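Each chain, written out:
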Amino acid sequence: MFEEKLEALSQVMAEHMAMPFPPSFRGLGIEDQDMVMLDADACGYALGVLRGR
């Protein structure tokens, strides 16, 4: 079951990485959090899981 979840995460990340970051989100802040940084944090966590950290 864990392997299936890792495979699903891998596929979602591949789809996410293939999409361009929406230009309208650059510089957009929500509650003092820049959208680019929120995206980078989520990607970092997912890649850490996929790489076995």
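The present account deals with the structure reproduced in this document. Computed from a predicted model, the values in this text were never measured in an experiment.

**Focus: the overall build of the chain**
The number of helices and strands found in the chain is two helices and two strands. Whereas a compact globule of 53 residues would reach a radius of gyration of roughly 10 Å, the chain reaches 13 Å, over 25% beyond that. Here the C-alpha coordinates of the chain stretch approximately 40 × 20 × 15 Å along the principal axes. Relative to its 53 residues, the chain shows a buried fraction of 11%. As presented, the chain carries roughly 4,500 Å² of accessible surface, and 61% of it is formed by carbon and sulfur atoms. Computed over 4 positive and 9 negative side-chain charges, the separation of the two mean positions in the chain equals 7 Å.

**Re the packing of helix α1 (residues 2-18) against helix α2 (residues 35-50)**
Helices that pack against each other are described as a pair by the angle of their axes relative to one another and the distance between those axes. The geometry of α1 relative to α2 is characterised by a closest axis approach of 10 Å and an angle of 140 degrees between their N-to-C directions. At the point where α1 passes α2, the crossing takes the left-handed sense. Two secondary-structure elements touch here, α1 through L6, L9, S10, M13, H16 and M17 and α2 through D39, C43, A46, L47, V49 and L50. Taken together, the residues of the contact of α1 with α2 sort by class into nine nonpolar, two polar and one charged.

**Focus: a nonpolar patch on the surface**
Judged by side-chain polarity, F25, L28 and I30 come together as a nonpolar surface patch covering roughly 230 Å² of accessible area. Counting through the fold element by element, F25 comes out in the loop between α1 and β1 (29-30).

**A word on α2**
When the terminal C-alpha atoms of α2 are compared, their 23 Å separation across 16 residues agrees well with the 22 Å that a helix rising 1.5 Å per residue should span. Looking only at α2, the buried set comprises M35, C43, A46 and G48. Those residues of α2 that are buried are in contact with α1, β1 and β2 (33-34). G52 occupies a position one or two residues after α2 and carries a positive phi of about 85 degrees.

Rules behind the numbers
Residues numbered from 1 in each chain as written. Predicted model: local features only at pLDDT ≥ 70, side-chain atom pairs only at ≥ 80, totals over all residues. Heavy atoms only, no water. Helix = DSSP H or I, 4+ residues; strand = E, 2+ residues; numbered from the N terminus. Rg over C-alpha atoms; globule rule 2.2 N^0.38 Å. Buried < 20%, exposed > 50% of the residue type's maximum accessible area, 1.4 Å probe, protein only. Areas by Shrake-Rupley, 256 points an atom, 1.4 Å probe, with all protein chains shown as cover. Lys, Arg positive; Asp, Glu negative; His and termini not counted. Charge placed at Lys NZ, Arg CZ, Asp CG, Glu CD. Axes fitted to C-alpha atoms, helices over the stretch in contact; angles between N-to-C directions. Left-handed = near helix turned anticlockwise from the far one by under 90°. Contact = heavy atoms within 4.5 Å. Nonpolar A, V, L, I, M, F, W, Y, C, P; charged D, E, K, R; others polar. Patch = residues over 30% accessible without salt bridge, like charges linked within 9 Å, V, L, I, M, F, W, Y side chains within 5 Å. Salt bridge = Lys/Arg side-chain N within 4 Å of Asp/Glu carboxyl O. Expected span 1.5 Å × (residues − 1).

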